[in-house]
Amino acid sequence: MKKNFLLLLLLAPFLLPAQGMWLPLLLEKQNEKDMKALGLKISADDLYHGVDPSVKDAICMFDGGCTGEVISPDGLLLTNHHCGFSAIQQLSTLENNYIENGYWATDRSTELPAPGVTAMFVSRMEDVTALALQNVSESMAERDRQSQIDKNIAQIKVNTKKEKWEELLIRPFYNGNQYFLFVTQTFKDLRFVGAPPSSIGKFGSDTDNWVWPRHTGDFSMFRIYADKDGHPAPYQVDNVPYHPRQFLPISLDGIEEGDFTMVYGFPGRTDEYLTATAVAQTGEVLDPAKVAIRDRSLKIMDGFMRKDPAVKIAYVAKYASIANAWKKWLGEMQGLKTYKALDIKNRYEAEFTQRVEQNADLKYRFGNLLPRLRQLYKDQEPYIFARDYYSETCLRNNEILAQAASLNSLIEVFDKNGAVFFAQKQRDIAPALNSFFKDYRPEVDEAVFAAMAELYAQNTKPEWGADFVQKEAAKYGGFPQLAAHIFQNSVIPNREKLQALFTESPDKVAETLRKDPAFVFWKTLNDAFQTNVQPKLQEIQPQINLLQRQYMAAQMVVFKEKKFFPDANSTLRLTYGKVRGFSPRDAVSYEYQTTLDGVMEKYIPGDYEFDVPQKLRDLWQSKDYGQYATPDGRLPVAFIASNHTTGGNSGSPALDARGNLIGLNFDRVWEGTMSDLNYNPAICRNIMVDVRYVLFIVDKFGGAGYLLQEMKLVKGKKKKR
Ligand code: ARG
Ligand code: ASP
């Protein structure tokens, strides 16, 4: 079937489920009808209920930034490989390299404690807008408004009933027009149960990241442990597996094009309601600058990692995290252009303006909004650029400077609160230094430093610190020479020296650091930033926030016929759509599913990214797929659908119309990475690993089939449509 690409683009909004990341509490009111029409077979109450057990009880925020779900009555948790990655990396050594070789516990006693990893569940949520905005008026200055809201929130927390082990979270939605309360509980004793080797869990690595067709078995498993009463508790050998109020049954029925799907999880951040000017700023100014900076640091790290396996282990998680955003920004820049985000936004704003102009009341209330917002974004642009440049070069990509920044907060504690506080902090810093140095290689960081310094000197303004960096480099005869000087003379990259320093008195620590060349370098740039950039941002940002809040509210009034979802803010959301291929450009179209055959097509023996383990090749040879095969005898690997997801949705369960687990969300397609700013239903697809592949790998590849016994597998439940 040949698809007319342009026609589909135009019709997409009508043919496909609408975009949106919806609040579970409001599903019944806002979405249930629509979802049923699209195929949902259970009720909104089954998905979310404030009192009775519901699907939401099986879903948690995993480790602060991803999503996980419980798939057994004994607290077995499924999330992505890349979400468990740093925990797995922390547990790995050259001898026991779980990143490289994978791991499967053979029973509960060999589940490995993963210190620091958390799982946060939502007990219930509530709309607290009226209380949060009590005594807040439109005419208030932003600062007064915020302090009134802070007071209100504190009061709401005092008045809300919760159990001892629960916590309360109150968050703004719709740019501060509404507030919701979440009662949560966070488990802190998680143990690593298993993961495939990287050649499966990270197959295709950075080359395939953000790209469809995809062949990654991106999953890992943990188990949640609780105290004897089933409540969250710090790690204790004799903690017991957590028994959730609800866990997810797993469907072996597979998926077909057009099937209804939902993704339930914790999307981190989107900005779907920005003006064209703001979108242009991201796509044309900030993204390109950040991409260019990371281009440099990534190439340098990659060079070192390919030469030395020990460096590879130390840097693989850091590299993956820097590379991930780098590639996403690249895709976002391109997607905004290709799919004409600015035209779409401009048309929308023109329609807004026209409607406002036609109505005296609206004109009075909203007539000035857009022009003022546009102007403020223009005013803010150089300073936002400076902020991003500073944080990318000095904090995100360069470890020695980031370390200087965190040591500085220690000295500040000393200056402010004296020696007693300092001594306390000093104790905290020992474990932090240990974990820092475990994965630190000064020679890598030195090379990155030289590159970052050069970029800073070339691309920022004299008063933001470019001048200083330029002069320093000249003093030593170039950027590499400046880097060498700093790395030879600073205590920060030197484990022994730095640890020895922290046995000294607070005065001595402060005095030494204040003279340290790396510290001085960071401090000079930071001072320039604090003096010449930060005040401007502090002046402009609140004005933007105010107008953005008003613009959000105005859109909801002006486009009464439209349903608005709140931008993602790391709170629990549900999104729904359909299993669907897509056509990103003329004559090109993608199917919705990949299989193990595709893994073998990509296989490059011994390759850094595309190697395939012998055992998986054997299973492919013998077609030993068991109950996990498709009806035509292939092994499904991944599939795509039109669910509106973002970062943070990784690890989120993909559910079928009955709420059974069919897959595990882990990514988006390249052409649609602009979806955080401009979701386009024709182009944007989320990528999930098929749960049949997950079970196949656990069972046939990993030999950990015993884990399936605690799961609830369902089959033959799907009626023919
Ligand atoms: N792009 C996905 C997400 O944003 C997956 C990232 C992990 N994979 C990687 N190669 N870095 O998190
Ligand atoms: N890979 C992302 C995550 O880790 C998901 C996405 O951005 O689509 O949450």
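Cut-offs applied
- Residues numbered from 1 in each chain as written.
- Chains lettered and ligands numbered in written order.
- Predicted model: local features only at pLDDT ≥ 70, side-chain atom pairs only at ≥ 80, totals over all residues.
- Heavy atoms only, no water.
- Near = heavy atom within 4 Å.
- Polar contact = N/O pair within 3.5 Å; in protein donor to acceptor, adjacent residues only side chain to side chain.
- Areas by Shrake-Rupley, 256 points an atom, 1.4 Å probe, with all protein chains shown as cover.
- Helix = DSSP H or I, 4+ residues; strand = E, 2+ residues; numbered from the N terminus.
- Nonpolar A, V, L, I, M, F, W, Y, C, P; charged D, E, K, R; others polar.
- Salt bridge = Lys/Arg side-chain N within 4 Å of Asp/Glu carboxyl O.
- 1 Å grid on protein atoms, 1.4 Å probe; cavity = no way out; pocket = protein on both sides within 12 Å on 5 of 7 lines; lining within 4 Å.
- Points joined across faces, edges and corners; volume = space filled by probe spheres on them.
- Phe/Tyr/Trp six-rings, centres within 6.5 Å; stacked < 30°, edge-to-face > 60°.
- Buried < 20%, exposed > 50% of the residue type's maximum accessible area, 1.4 Å probe, protein only.
- Lys NZ or Arg CZ within 6 Å of the ring centre and 35° of its normal.

### Points about the site of ligand 2
Around ligand 2, the neighbouring residues are His-82, Trp-210, Thr-646, Gly-647, Gly-648, Asn-649, Ser-650, Phe-666, Asp-667 and Arg-668. A distance of 2.9 Å is found between a nitrogen atom of ligand 2 and a backbone nitrogen or oxygen belonging to Phe-666. Contacts to ligand 2 include Arg-668, whose side-chain N or O atom sits 2.8 Å from an oxygen atom. Bound to the protein, ligand 2 loses 93% of the 270 Å² it would expose on its own. Among the elements that line the shell around ligand 2, the one with the most residues is strand S20 (residues 661-668), at three residues. A per-class count over the shell around ligand 2 returns two nonpolar, six polar and two charged.

### Description of the pattern of salt bridges
Where charged atoms from two side chains of opposite charge approach closely, those side chains can pair. Summed over all chains, the structure comprises 38 salt bridges. In this structure, the salt-bridge partner of Glu-357 is Lys-363, at a minimum N-O distance of 3.4 Å. We note a salt bridge from Asp-527 to Lys-523, for which the minimum N-O separation is 3.2 Å. In this pair, Asp-527 and Lys-523 are both assigned in helix H22 (residues 517-532), four residues apart and thus about one turn of the helix distant. Connected via shared salt-bridge partners are Asp-74, Arg-108, Glu-111, Arg-223 and Glu-710.

### A few points about empty space enclosed by the protein
Applying the stated criterion across every chain yields a total of four cavities of 30 Å³ or more. Roughly 40 Å³ of volume is contained in the largest cavity. Around the largest cavity sit Thr-393, Cys-394, Leu-401, Met-452, Ala-453, Tyr-456, Val-469, Phe-521 and Leu-525, which together line it. Tallying contributions element by element places helix H17 (residues 442-459) first for the lining of the largest cavity, with three residues.

### Observations concerning the site of ligand 1
Close contacts around ligand 1 come from His-82, Ser-205, Asp-206, Asn-209, Trp-210, Ala-320, Asn-324, Ser-650, Phe-666 and Asp-667, and that covers them all. At a separation of 2.7 Å, a nitrogen atom of ligand 1 approaches a polar side-chain atom of Asn-209. Between ligand 1 and the protein, one listed contact pairs a nitrogen atom with a side-chain N or O atom of Asp-667 at 2.8 Å. When ligand 1 sits alone it has 350 Å² of accessible area, and the protein chains cover 89% of it. Elements represented by at least two residues in the shell around ligand 1 include exactly helix H10 (205-208), helix H12 (309-338) and S20. When grouped by side-chain class, the residues that make up the shell around ligand 1 number three nonpolar, five polar and two charged.

### Thoughts on the packing of aromatic side chains
This model, assessed by the stated rule, comprises 33 aromatic pairs. Relative to Phe-696, the ring of Tyr-625 has its centre 6.0 Å away and its plane inclined at 80°; by these criteria the two rings are edge-to-face. Taken together, the positions of Tyr-625 in the loop between helix H25 (614-622) and strand S18 (636-641) and Phe-696 in helix H26 (residues 691-701) put the pair 71 residues apart, joining distant regions of the chain. Taking the relative accessible area as the measure of exposure, Tyr-625 reaches 2% and is therefore buried. The exposure class of Phe-696 is buried, given its relative accessible area of 0%. These aromatic residues form a ring-pair network of at least three members: Phe-62, Tyr-98, Tyr-103, Phe-192 and Phe-222. It is Arg-191 that lies over the ring of Tyr-225; its NZ or CZ is 3.7 Å from the centre. Against the face of Trp-620 rests Lys-623, its NZ or CZ located 4.3 Å from the ring centre.

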